[in-house]
Amino acid sequence: MSIHIAITRRVRPGCETEFQAALREFFQASFAHGGVLGASMLTPPPGSDSREFGILRTFANETERDAFYESPMFKAWEERARTVTEGEPEYRQLHGLEAWFRS
């Protein structure tokens with residue numbers, strides 16, 4: 001059964017475009033990991049003052065999820081993302097229809 005993970009990151013002011021470009025690049029590279037089934041970016045609504053971006057990832061199973069998050073590719077992304085984000089990312093595993101809706 002697939003595993004869905006929601007990640008929330010707060011982007012530093014003025015770094016929104018750089019973050020989005022870096023994330024798109026990382027998304028493309030991340031599909032080289034066989035267990036990655038999907039990735040989506042959720043951006044703040046137009047006109048919003050929010051700098052909170054969401055990332056939805058789908059993995060084939062828990063083993064693939066764990067291998068991805070332990071990979072050198074992911075660790076390199078984390079280092080890059082820290083240069084344009086504030087604080088720690090929040091990770092949450094989603095269940096059922098929760099994976100398709102955001103509160």
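Look above for the structure.
Reading the values: rules and limits
- Residues numbered from 1 in each chain as written.
- Predicted model: local features only at pLDDT ≥ 70, side-chain atom pairs only at ≥ 80, totals over all residues.
- Heavy atoms only, no water.
- 1 Å grid on protein atoms, 1.4 Å probe; cavity = no way out; pocket = protein on both sides within 12 Å on 5 of 7 lines; lining within 4 Å.
- Points joined across faces, edges and corners; volume = space filled by probe spheres on them.
- Helix = DSSP H or I, 4+ residues; strand = E, 2+ residues; numbered from the N terminus.
- Nonpolar A, V, L, I, M, F, W, Y, C, P; charged D, E, K, R; others polar.
- Axes fitted to C-alpha atoms, helices over the stretch in contact; angles between N-to-C directions.
- Parallel < 35°, antiparallel > 145°, perpendicular 65-115°, else oblique.
- Contact = heavy atoms within 4.5 Å.
- Phe/Tyr/Trp six-rings, centres within 6.5 Å; stacked < 30°, edge-to-face > 60°.
- Buried < 20%, exposed > 50% of the residue type's maximum accessible area, 1.4 Å probe, protein only.
- Pairing = 2+ DSSP bridges.

Undergrad: What is the right way to look at empty space enclosed by the protein in this model?
TA: In this approach the atoms are scanned with a rolling probe the size of a water molecule, which exposes any empty space left behind. Tallying each qualifying case throughout the model produces 1 cavity of 30 Å³ or more. In this structure, the largest cavity encloses a volume near 60 Å³. Considering the residues around the largest cavity, the lining is formed by Ile-7, Arg-9, Leu-23, Phe-26, Ile-55, Arg-57, Tyr-69, Phe-74, Trp-77 and Tyr-91. When residues of the lining of the largest cavity are traced back to their parent elements, those giving at least two are strand S1 (3-11), helix H1 (16-30), strand S3 (52-59) and helix H3 (72-82). Partitioning the lining of the largest cavity into residue classes produces 8 nonpolar, no polar and 2 charged.

Undergrad: Whenever I open this one, the packing of H1 against H3 confuses me. Can you help?
TA: Describing two packed helices takes the angle between their axes plus the distance from one axis to the other. Two numbers describe how H1 lies on H3: the axes approach to 11 Å, and their chain directions differ by 180°. By the angle between their directions, the pair H1 and H3 is classed as roughly antiparallel. Here Phe-19, Ala-22, Leu-23, Glu-25, Phe-26, Ala-29 and Ser-30 of H1 come into contact with H3, specifically with Met-73, Phe-74, Trp-77 and Arg-80.

Undergrad: Is there a simple way to explain the packing of aromatic side chains in this structure?
TA: Here the distance between the centres and the angle between the planes together describe a pair of aromatic rings. One pass over the full model with this rule turns up 11 aromatic pairs. On the basis of an interplanar angle of 50° and a centroid distance of 6.4 Å, the ring pair of Phe-26 and Phe-74 is categorised as tilted. With Phe-26 in helix H1 and Phe-74 in helix H3, the pair connects residues that are 48 residues apart, well separated along the chain. Accessibility classification places Phe-26 together with Phe-74 in one group, the buried group. Chaining the aromatic ring pairs together yields one cluster made of Phe-19, Phe-26, Phe-53, Phe-59, Phe-68, Tyr-69, Phe-74, Trp-77 and Tyr-91.

Undergrad: Teacher, can you tell me more about the sheet that holds strand S2 (residues 36-42) here?
TA: The strands making up a sheet associate through backbone hydrogen bonding, with each pair oriented either parallel or antiparallel. Spatially, S2-S3-S1-S4 is the arrangement adopted by the 4 strands of the open sheet, whose pairing is antiparallel. Of all strands in the sheet, those with a lone pairing partner are S2 and strand S4 (85-94), marking the two edges. Neighbour-to-neighbour, the strand axes of this sheet turn through a mean angle of 15°, independent of strand direction. Pairing geometry for S1 and S4, over 7 bridges, is antiparallel. Across the sheet, residue Val-11 finds its bridge partner in S4, namely Thr-85. Most of the contacts of H1 go to S3, to which it runs at about 5°, and overall it touches S1, S2, S3 and S4. Against the sheet, H3 engages S1 and S4, with an angle of about 135° to S4.

Undergrad: Which parts of the structure should I look at to understand the pairing of S3?
TA: A regular strand carries its side chains on alternate faces of the sheet. In terms of burial, S3 is a largely internal element, 6 of the 8 residues being buried. As defined by bridge partners, S2 adjoins S3 across 6 bridges and the pair is classed as antiparallel. Residue pairing across strands places Ser-40 opposite Leu-56, the latter belonging to S3.

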